[in-house]
Amino acid sequence: MKSLWNDNEAKLFTGELGQRVYTSRLLGREPSLVLHGGGNTSVKIRERNIVGEEETILYVKGSGWDLENIEAAGFSPVRMDYLLKLATLPALSDPQMVNELRTHMTSATAPTPSVETILHAILPYKYVDHTHADAIIAITNTSAGQQRIEEIYGDELVMIPYIMPGFDLARSCAELFVQHATTRTRGMILLNHGIFSFGDTARVSYERMIELVTRAEDYLTACKAWFLPPAPPFTVKTELRVELAMLRHEISRAAGFPVIMSLSADERALEFARRNDVDTLARQGPATPDHIIRTKRIPMIGRDVSGFVTEYERYFQRHAPFAREKKTMLDPAPRVVLDPEFGLCTVGKTAQDAAIVMDIYQHTLDVILRATALGGYQALPERDLFDMEYWDLEQAKLRKSGQSPEFTGEIVLITGAASGIGKACVNTFLARGAAIIALDINPVIATLHHRPDYLGIQCDITDEAAVMQAIEQGVRVFGGLDMLILNAGIFPAGCPLAELDSATWRQVMQINLDANLALLRLTYPLLKFAPKNGRVIAIGSRNALAPGPGAAAYSVSKAALTQLMRVAIMEWSKDNIRINCIHPDAVYDTALWTDEVLAARATHYAMSVADYKKRNLLKTEVSSADVAALAATMAGPVFAKTTGAQIPQDGGNERVI
Ligand code: ZN
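The structure contained in this document is the topic of the report that follows. Quantities reported herein were computed from a predicted structural model and do not represent experimental measurements. (Residues numbered from 1 in each chain as written. Predicted model: local features only at pLDDT ≥ 70, side-chain atom pairs only at ≥ 80, totals over all residues. Heavy atoms only, no water.)

## Remarks on the coordination of the zinc ion
Around the zinc ion, the protein contributes the donor atoms His130 (NE2), His132 (NE2) and His193 (NE2), at 2.1 to 2.2 Å from the metal centre. Mapped onto the sequence, the donors of the zinc ion take the spacing H-x1-H-x60-H. Of this pair, His130 sits in strand E4 (residues 127–131) while His193 sits in the loop between strand E6 (187–190) and strand E7 (194–199), and the two are 63 residues apart along the sequence. The exposure class assigned to His130 is buried, which follows from its relative accessible area of 0%. (Donors = N, O, S within 2.8 Å, 3.2 Å for Na, K, Ca; no water. Helix = DSSP H or I, 4+ residues; strand = E, 2+ residues; numbered from the N terminus. Buried < 20%, exposed > 50% of the residue type's maximum accessible area, 1.4 Å probe, protein only.)

Below, the structure is given as structure tokens:
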């Protein structure tokens, strides 16, 4: 591991807190040191308060911040004098501790200080850095972990046996550190948890962390336990989507809410899932206890969801009676799946959650494999892991957690998603919590959004093989499909029927009609397994109900699409799939309405463009966002008991009425 310190970068961060921000980010840039909210850092600064008194303030990482992108505002300022008094108390519950921390900050708006705040306070050094370095936990998660740490560091590190984070850990460290620290002390190891370094400057503390962790990596290298042999190339089935959707359905049922399930293409994970001893290795427990909140204690091996649930309930019943307070069981669904056929799948309430679990478990695999190469992976006993999973601070968060957006954990496929109504649907469904598989022939679709709940795929929807591949890809990323928005369509230039050539006619039918048949056929086996039932929204047109002259192909294609939906309803209602249709008109902010088309239509009706745009009873324009909002509402609970509806959204049209 190399120091990422750069003098020019460092200069941009002024003051003692600025330097703290800079090196915290350097730690955060290295995923084998800290992952997603893991690790924490602090600095002790002398300050004058508003009444002119000098005091020392501990600036410590606030909860909810990642080291990778922390800012000065992410550090909570807590009064040191009071923290040191707290550290001498014989006992303090964790909720009480959080209350004391929050009420002794010098800023009312700062985030809640890390639960390891008192631990930072008792270490008598200006800068303190703490990580859950992979190399350290690989070594300490073995039966001879303690001896190995002594072998590597001698008396340079103070070693603390495993204690759950929180007040008890801080208190024990306060005692043990004073007993064992010498002038040679350069850091502190928390067995099965992580490592601390410290120093007078941000750079010294940071580089000491790098140096200490590098020694652990070198030790592992010398033991032939650092570089893992590359996994052999493997092939999984080309079509997994229905199996994945069925598994997601079962996991969602166990969780009590729809989940996102992401499949990894990691060859090492698949090799691991196929090992004969995968059961013994993977069922030991997480690499560091704070991962348990994300990953659960053990992965599900294979696809026996009900077996996993039963085992989880038994685990809860084994330990809950011995807890200090009454515990509420968390949902018993797995978060990590190891399947010999798929490899690794991770599960979360959102795509972001599933991605975090993926990162964590890939590092967990490294740790398990390295510890195995070192002589045997050995995680903490089940009881300690239960205490962490059911920590009262986490349980409190659970009770407080508000309502999620309505489509959280659900997946929607939208065609024609790069512009107009399709693009508006992407934005609306994202805002309502859904993960999006967005298709469009325009390559811009791939980069429309950069976020874990968005997958844009360039795809010609008249190419059935390409559509199938796109759906397969989408299901591998998100786990299934809940909603389908049939939006893509073309509107050729106006042309009287007597002059309409067959090639134009066929092209319109291919895109506006045939492609939708293929999409329906290909998504049906997935929509059947939508945890909250499948939904299809077809974007029809006012022309389906009130055709106009010169638009034969378009009007016929949309009328036929409507009829296709009606047949689908007759066939798929038994699978609880709801299908509804919107007939928009006067939506001019779409790709269909080029200036030429608009001018031509206006001329056709002998109107100005402005009058043409509002030629409806309400004299209004309908926007793409209006259509998207109606589509989302029709896919949501308001329309839970409606199928086969065709709703005009056209500002009122006499011919439709
Ligand atoms: Zn920690």
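## Quick notes on the pattern of salt bridges
One pass over the structure, following the stated rule, counts 42 salt bridges. Each of Lys237, Glu243, Arg303, Asp339 and Glu341 takes part in one network of salt bridges that share partners. (Salt bridge = Lys/Arg side-chain N within 4 Å of Asp/Glu carboxyl O.)

## Some details on the packing of helix H18 (residues 420–431) against helix H25 (residues 624–635)
Where H18 meets H25, the closest approach of the two axes is 8 Å, and the angle between their N-to-C directions is 55 degrees. By the angle between their axes, H18 is oblique relative to H25. Judged by the twist between their axes, the crossing of H18 over H25 is right-handed. Judged by residue contacts, Gly420, Ile421, Ala424, Cys425, Thr428 and Phe429 of H18 engage Ser624, Ala625, Val627, Ala628, Ala629, Ala631, Ala632 and Ala635 from H25. Considering only residue class, the contact of H18 with H25 consists of 11 nonpolar, three polar and no charged. (Axes fitted to C-alpha atoms, helices over the stretch in contact; angles between N-to-C directions. Parallel < 35°, antiparallel > 145°, perpendicular 65-115°, else oblique. Left-handed = near helix turned anticlockwise from the far one by under 90°. Contact = heavy atoms within 4.5 Å. Nonpolar A, V, L, I, M, F, W, Y, C, P; charged D, E, K, R; others polar.)

## Things to note about unusual backbone geometry
Of note in the backbone geometry, Asn576 takes a positive phi value of approximately 60 degrees without being a glycine. Take Asn576: it is sitting in the loop between helix H22 (552–572) and strand E17 (578–584). With a relative accessible area of 46%, Asn576 lands in the partly exposed category.

## Section: the packing of helix H10 (residues 241–255) against helix H19 (residues 464–478)
For any two helices packed against each other, the geometry comes down to the angle between their axes and how far apart the axes lie. Taken N-terminus to C-terminus, the directions of H10 and H19 make an angle of 30 degrees; their axes are 9 Å apart at the nearest point. Relative to H19, H10 is oriented so that their crossing is left-handed. Contacts from Arg241, Leu244 and Arg248 of H10 reach H19 at Met468, Ile471, Glu472, Val475, Arg476 and Phe478. Looking at side-chain class alone, the contact of H10 with H19 contains five nonpolar, no polar and four charged residues.

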